[in-house]
Amino acid sequence: MTSETKSPGFFSRLAHPGQFLVWSRYLVWPLAGLTVILFAIGLYLALVASPADYQMGETVRIMYMHVPNAWLSMMCYGVMAVAAFGTLVWRHPLADVAAKSAAPLGAIFTAIALLTGIVWGIPTWGTGWVWDGRLTSMLLHFLIYLGIIAMWFTFEDQHRAGRIIAVFTLIGVVNLVVIHYSVEWWSTLHQPASVFTAEGPKMPLELLTPLFVNLFAFSFLFATLQVVSMRTEIMRRRVAAMQRQAAMNRGAAPSPEPAR
Amino acid sequence: MAKLTRKQKRLVIIGGLAVVVAIAAGFILTALRDQIIYFYSPTELLERDIAAGQPVRIGGLVKDGSCARTAEALSFVVTDGANETKVAYNGITPDLFREGQGVIAEGSLNAGGEFEATTILAKHDENYMPKEVADALREQGEWYGEGEQPAAPPAAENACR
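Residues numbered from 1 in each chain as written. Chains lettered and ligands numbered in written order. Predicted model: local features only at pLDDT ≥ 70, side-chain atom pairs only at ≥ 80, totals over all residues. Heavy atoms only, no water.

A. Region of interest: the overall build of chain B. The helix and strand tally for chain B stands at five helices and six strands. Listing the helices and strands of chain B from first to last along the sequence gives α-α-α-β-β-β-β-β-β-α-α. Each of the 161 residues in chain B was classed as buried or not, and the buried ones make up 40%. Considering only residue pairs separated by 6 or more positions, chain B has 51% of its internal contacts joining residues 24 or more positions apart. Carbon together with sulfur atoms contributes 57% to the accessible area of chain B, which is approximately 9,200 Å² in total. (Helix = DSSP H or I, 4+ residues; strand = E, 2+ residues; numbered from the N terminus. Buried < 20%, exposed > 50% of the residue type's maximum accessible area, 1.4 Å probe, protein only. Contact = heavy atoms within 4.5 Å. Areas by Shrake-Rupley, 256 points an atom, 1.4 Å probe, with all protein chains shown as cover.)

B. Inspection of the domain arrangement of chain B at higher detail. Domain boundaries assigned for chain B yield domain 1 (1-36) and domain 2 (38-139). Using C-alpha coordinates to define each centre, domain 1 of chain B is positioned 41 Å away from domain 2 of chain B. (Domains from an automatic or database assignment.)

C. Geometry of the layout of surface pockets. All names here are of chain A. There is about 840 Å³ of room inside the largest pocket. What lines the largest pocket is a set of 34 residues, among which Val 67, Ala 70, Trp 71, Arg 134 and His 190 lie closest to the centre. Only helix 3 (63-90), helix 4 (93-124), helix 5 (133-154) and helix 6 (158-185) provide two or more residues apiece to the lining of the largest pocket. In terms of residue count, the dominant contributor to the lining of the largest pocket is helix 3 (six residues). Tallied by class, the residues present in the lining of the largest pocket amount to 22 nonpolar, eight polar and four charged. (1 Å grid on protein atoms, 1.4 Å probe; cavity = no way out; pocket = protein on both sides within 12 Å on 5 of 7 lines; lining within 4 Å. Points joined across faces, edges and corners; volume = space filled by probe spheres on them. Nonpolar A, V, L, I, M, F, W, Y, C, P; charged D, E, K, R; others polar.)

D. Representation of the pairing of strand 6 (residues 115-123) of chain B. All names here are of chain B. Examined bridge by bridge, strand 4 (residues 84-89) and strand 6 share three bridges and lie parallel to one another. The residue bridging Tyr 89 from the neighbouring strand is Ala 117, located in strand 6. Sheet topology places strand 5 (residues 102-109) next to strand 6; eight bridges connect them, and they run antiparallel. Among the inter-strand pairings, Leu 109 is bridged to a residue of strand 6, identified as Phe 115. Count of turn residues in the strand 5/strand 6 antiparallel hairpin: five residues, of which Gly 113 carries a positive phi of about 85°. (Pairing = 2+ DSSP bridges.)

E. Region of interest: a nonpolar patch on the surface. A contiguous nonpolar patch, built from Leu 43, Tyr 44, Leu 47 and Val 48 of chain A and spanning about 430 Å² of accessible area, is present on the exposed surface. Residue Leu 43 of chain A is classed as partly exposed on the basis of its relative accessible area of 45%. (Patch = residues over 30% accessible without salt bridge, like charges linked within 9 Å, V, L, I, M, F, W, Y side chains within 5 Å. Salt bridge = Lys/Arg side-chain N within 4 Å of Asp/Glu carboxyl O.)

F. Region of the structure containing the packing of aromatic side chains. All names here are of chain A. In this structure the tally under the stated criterion is 13 aromatic pairs over all chains. With a centroid separation of 5.3 Å and an interplanar angle of 35°, the aromatic rings of Trp 71 and Phe 196 are classed as tilted. Here Trp 71, found in helix 3, pairs with Phe 196, found in the loop between helix 6 and helix 7 (205-249); they are 125 residues apart in sequence, far enough to count as distant. Note on Trp 71: relative accessible area 25%, which makes it partly exposed. Overall, the relative accessible area of 59% leaves Phe 196 in the exposed class. Aromatic side chains Trp 185 and Trp 186 sit 5.6 Å apart centroid to centroid with 70° between the ring planes, which places their arrangement in the edge-to-face category. (Phe/Tyr/Trp six-rings, centres within 6.5 Å; stacked < 30°, edge-to-face > 60°.)

G. Spotlight on the nonpolar core. Residue and element names in this part refer to chain A. Core analysis: the largest hydrophobic core is formed by 42 residues, its most contacted members being Cys 76, Tyr 77, Met 80, Phe 109 and Ile 148. Looking at this core element by element, the count peaks at twelve residues for helix 4. Once residues within four sequence positions are removed from consideration, Met 80 is found in contact with Ala 99, Ala 102, Ala 103, Tyr 145, Ile 148 and Thr 169. Trp 120, Leu 207, Leu 208 and Leu 211 belong to the second largest nonpolar core, which has 21 residues in total. (Core = buried A, V, L, I, M, F, W, Y, C linked by side-chain atoms within 4.5 Å.)

H. Quick peek at the packing of helix 4 of chain A against helix 7 of chain A. Residues and elements named next belong to chain A. Between helix 4 and helix 7, the shortest axis-to-axis distance is 9 Å and the interhelical angle comes to 135°. Taken as axis vectors, helix 4 and helix 7 run oblique relative to one another. Handedness of the crossing formed by helix 4 with helix 7: right-handed. Contacts from Leu 94, Asp 96, Val 97, Ala 98, Lys 100, Ser 101, Ala 102, Leu 105 and Phe 109 in helix 4 reach Phe 218, Phe 222, Leu 225, Gln 226, Ser 229, Met 230, Glu 233, Ile 234, Arg 236 and Arg 237 in helix 7. Looking at side-chain class alone, the contact of helix 4 with helix 7 contains eleven nonpolar, three polar and five charged residues. (Axes fitted to C-alpha atoms, helices over the stretch in contact; angles between N-to-C directions. Parallel < 35°, antiparallel > 145°, perpendicular 65-115°, else oblique. Left-handed = near helix turned anticlockwise from the far one by under 90°.)

I. View of helix 7 of chain A. Spanning 45 residues, helix 7 of chain A covers 65 Å between terminal C-alpha atoms, matching the ideal 66 Å at 1.5 Å per step. Gly 251 of chain A occupies a position one or two residues after helix 7 of chain A and carries a positive phi of about 90°. (Expected span 1.5 Å × (residues − 1).)

J. Region of the structure containing the interface of chain A and chain B. With 42 residues of chain A at the contact, the number on the chain B side is 35 residues. Taking both partners together, chain A and chain B bury about 3,400 Å²; carbon and sulfur atoms supply 65% of that area. It is Tyr 54, Gln 55 and Trp 186 of chain A that lose the most area in chain A upon contact with chain B, and together they represent 22% of the buried surface on that side. Counting across the chain A and chain B interface gives zero salt bridges. The interface formed by chain A and chain B contains twelve residue pairs in polar contact (both at pLDDT 80 or more). Elements with a minimum of two residues in the side of chain A that touches chain B: helix 3, helix 4, helix 6 and helix 7 of chain A. (Buried area = accessible area lost by both parts, 1.4 Å probe. Polar contact = N/O pair within 3.5 Å; in protein donor to acceptor, adjacent residues only side chain to side chain.)

See below:
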């Protein structure tokens, strides 16, 4: 969520969780507002103002949910991978928080992509699920998310958890590559990419526009939820630290409170 | 060797890990290619010398004009451009199933080299087009469907349904 700048002072300031709490406050409502506006336009375009497809008919509208969620499930993991890098190399205090916050969001995007895919597959393919390269790697993607979420709950020491999960997250990047190329490497039931192809989009503008508006809507939804979730996580860690401090002040044994 | 800072050391370790994981994944995926592949094209079916009765999936395009439906069975030809496989099927086909369309058939070869399908799945291609545009093109006789071939006349197309 931070950007590389010339001044290291600025970078360090952003890195400080306390500073993040200050400036991200002003980010939440504008992001939320943009999300609502984009969804309003996106849903209108997807459900009312866009044409039916020549062979799928109205079923094509499922794509406006399916494709943005599938892309975001990958992008979310990309954010986690960058954060994992930040955790391992720079010990960036916000990196842990960003990685932890993105995991449940990514899991939900993946679940929606899988479910809308099933709903689309039943009338189009004649089946809701097959074990082809794309669908299987996407299910694995979902399970990796669940594994990462479970690991955050398993380790009591969140800093240790952050490093172990960062290693696991980086190894999981392999699956991101597999998902992307699955439709090219292996013959699959799932069709190859329609939008980002070497020959350009294989989709006319009437269908491409609603798709991209919805992609932006879901992206801003992700950004909004990510910022809110990161703020919550920082405050949760502060509360845990304060509770530990209070316990020590009372003279009790400094038991490591699980800071979830 | 120049002294590395701790950050640089960590970067090197992560880079090394990434290379090892990438190579390992590459080997695994190459080794598993035959298992991961979801269906064989008619050409691959011939190359692999699949025994009769062995359950497999084949995929390709439904050859134009190859559909024939009798009271109890549907037969059609799956082609990949180079080779063809004749398929017999008795059951419900998906909505998208028609001549020129991508299709995947589950089943096995019989002794006569024909494919007896137990399940038919329609493969949706990566092309999208508004219905109105498709209808207009069809009316003008400029309709080119999947596989860049002029579609069969509607009557013949309906033979598949």
